[in-house]
Amino acid sequence: MKAITFDGFGTADVLRLAEVPMPEPRAGDLLVKVHAAGVNRADLLQRQGYYGRQSYGESDLLGLEVAGEVVAVGADVTGIQPGERVMGIVGGGAYAEFARVDRNMAVRIPEHLDDLEAAAVMESFVTAWEAAVHLGGTASGTAVLIHAAAGGVGSAGVQIGHALGARVFATANAERRADVLALGAEAVFDYRTDDFEQGVRDATGGRGVDVIVDFVGGDYLARNLRSLAPGGRLVQVGLLGGQDSADIPLSVLLHNHLRLIGTVMKSRTVDEKRAMVRRFAEGALPMFANGRLRPLVGKVFPLAQAAEAHHAMEAGGGFGKIVLKVDV
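All of these numbers come straight from a predicted model, not from anything done at the bench.

Observations concerning the pattern of salt bridges
Using the criterion set out here, one finds 20 salt bridges in the structure. Among the salt bridges present, the one from Arg 192 reaches Glu 175, with a minimum N-O distance of 2.7 Å. Placement of the pair is Arg 192 in the loop between β10 (187–190) and α6 (196–203) and Glu 175 in the loop between β9 (167–172) and α5 (177–182), with a sequence separation of 17 residues. Across the salt bridge formed by Arg 207 and Asp 210, the nearest N and O atoms sit 2.7 Å from each other. A relative accessible area of 11% places Asp 210 in the buried class.

Here is the structure:
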């Protein structure tokens, strides 16, 4: 089969289309003919060598989420048959014509979603549900701040918060303010010019928000903690700011009995990922059927142009998910 490979770490130009062996499904796996694959920032980090040679999953190939058609099932698989459409999370291997998917990390694609839309769901919405709801406790009546809200996970978090009846505040660049507001945010602060800490205080009458989901890190940490209401939760999902360490105002953390929670999907165990998908399937998946949640596809590239897709993600400024279309 054809897949995207790279011989050494580097820029996006190291990516190439090549022939590789077919994946071999095990007893609990699905073999999926990939129709589309989502592009995630973790793919860029893997290509750049951020993870070294460490493997967090099932394949050394890039790609963490797939949408396509089941063509074979393992001996222990129940509930899904060949010919059904599924979307799922994989431990690598999505940038290919076929992928091996753990049965418990795949769900049926809602009927009204096409394959490109389905490829924009799993990584973003499972991560957002885990961060905002399972770890953060977002619910009706809570106040939530979502950073990087024009990105894949951030925009999913805004939608989830709004769908659950929370007050949602967000940061994004000014060019995407209208887009994020349309997803259900009450206010969007331009991360380049606005002081989100002051904005949150003003919007909440000085109380602060109950939950913050942050992908930036660095000097956002102290500002986030000061923006939380007593008992609030900061869920740290990423480090887009590039700073691995930051000052913590411990007096604020202690006095307001705050919680700082770190999470990342890629390094989770298989059982933890299965549990995350199960929570998503129970809580969020029904909202796609009734239209309360919707995937956002920004740009689409053919599989052979994976390098261009990576360049587009690195350039930033887009809205919604970048998706690779696999010819079928």
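On we go from here.
Structural notes on the sheet that holds strand β11 (residues 209–214)
On the basis of which strands lie adjacent, the open sheet formed by six strands has the order β10-β9-β8-β11-β12-β13 and parallel pairing. Each end of this open sheet is capped by a strand with a single partner; those strands are β10 and β13 (259–262). Neighbouring strand axes in the sheet, compared pairwise and without regard to direction, differ in orientation by 15° on average. Pairing between β11 and strand β12 (residues 228–236): five bridges, direction parallel. Bridge pairing in β12 links Val 211 to Arg 233. Where helix α4 (residues 152–163) meets the sheet, its contacts fall on β8 (143–146) and β9, and the angle it forms with β9 comes to roughly 165°.

Concerning the domain arrangement of the protein chain
One can read the domain layout of the protein chain as domain 1 (2–120 + 295–325) and domain 2 (125–262). The gap between the C-alpha centroids of domain 1 and domain 2 is 28 Å. Counting from both sides, the interface comprises nine residues of domain 1 and, opposite them, eleven residues of domain 2. Overall, the association of domain 1 and domain 2 removes approximately 780 Å² of surface from exposure, summing both partners, and the carbon and sulfur fraction of that is 66%. Together, Leu 296, Gly 317 and Phe 319 form the three largest contributors to the area buried by domain 1 at its contact with domain 2, with a combined 53%. Counting every contact that joins domain 1 to domain 2 gives zero salt bridges. Summed over the shared surface of domain 1 and domain 2, the number is one residue pair in polar contact (both at pLDDT 80 or more). For the side of domain 1 that touches domain 2, the class distribution of residues is five nonpolar, three polar and one charged.

Describing the packing of aromatic side chains
Going through the model one piece at a time under the given rule, you end up with five aromatic pairs. Taking 4.9 Å as the distance between ring centres and 80° as the angle between the ring planes, the aromatic pair formed by Phe 125 and Phe 288 counts as edge-to-face. A residue pair is termed long-range when its members are at least 10 positions apart, and Phe 125 in helix α3 (residues 122–135) and Phe 288 in helix α10 (residues 285–289) qualify at 163 residues. Just as Phe 125 is buried, Phe 288 falls in that class too. A connected cluster of aromatic rings, assembled from ring pairs, spans Phe 125, Phe 280 and Phe 288. Its guanidinium or amino end placed over the ring of Tyr 191, Arg 192 lies 5.6 Å from that ring's centre, counting from NZ or CZ. The ring of Tyr 220 carries the charged tip of Arg 223 above its face, separated from the ring centre by 5.2 Å.

Focus on the packing of α3 against α4
At their nearest, the axes of α3 and α4 sit 8 Å apart, and the two run at 55° to each other. By the angle between their directions, the pair α3 and α4 is classed as oblique. Here the hand of the crossing between α3 and α4 comes out right-handed. Of the residues in α4, those touching α3 at Ser 124, Phe 125, Thr 127, Ala 128, Trp 129 and Val 133 are Gly 152, Val 153, Ala 156, Gly 157, Gln 159 and Ile 160. Residues that form the contact of α3 with α4 fall into these classes: seven nonpolar, five polar and no charged.

A closer look at α4
Taking 1.5 Å per residue as the helical rise, α4 with its twelve residues ought to reach 16 Å, and the 17 Å between its terminal C-alpha atoms agrees with that figure. Of all the twelve residues making up α4, nine are buried; the element is thus mostly covered by neighbouring parts of the structure. All of the buried residues in α4 are Gly 154, Ser 155, Ala 156, Gly 157, Val 158, Gln 159, Ile 160, Gly 161 and Ala 163. Buried residues belonging to α4 abut α3, β8, β9, α5 and α10. Backbone geometry just downstream of α4 places Gly 165 in the positive-phi region, at approximately 90°.

Observations regarding unusual backbone geometry
A negative phi angle is the norm for most residues apart from glycine, just as the trans form is the norm for most peptide bonds. A positive phi is found at Ala 148, a non-glycine position, where the angle reads about 50°. Checked against the element boundaries, Ala 148 lands in the loop between β8 and α4. Non-glycine residue His 257 carries a positive phi angle of around 40°. Locating His 257 in the fold gives a position in the loop between α8 (250–255) and β13.

The rules behind each value
- Residues numbered from 1 in each chain as written.
- Predicted model: local features only at pLDDT ≥ 70, side-chain atom pairs only at ≥ 80, totals over all residues.
- Heavy atoms only, no water.
- Salt bridge = Lys/Arg side-chain N within 4 Å of Asp/Glu carboxyl O.
- Helix = DSSP H or I, 4+ residues; strand = E, 2+ residues; numbered from the N terminus.
- Buried < 20%, exposed > 50% of the residue type's maximum accessible area, 1.4 Å probe, protein only.
- Pairing = 2+ DSSP bridges.
- Axes fitted to C-alpha atoms, helices over the stretch in contact; angles between N-to-C directions.
- Contact = heavy atoms within 4.5 Å.
- Domains from an automatic or database assignment.
- Buried area = accessible area lost by both parts, 1.4 Å probe.
- Polar contact = N/O pair within 3.5 Å; in protein donor to acceptor, adjacent residues only side chain to side chain.
- Nonpolar A, V, L, I, M, F, W, Y, C, P; charged D, E, K, R; others polar.
- Phe/Tyr/Trp six-rings, centres within 6.5 Å; stacked < 30°, edge-to-face > 60°.
- Lys NZ or Arg CZ within 6 Å of the ring centre and 35° of its normal.
- Parallel < 35°, antiparallel > 145°, perpendicular 65-115°, else oblique.
- Left-handed = near helix turned anticlockwise from the far one by under 90°.
- Expected span 1.5 Å × (residues − 1).

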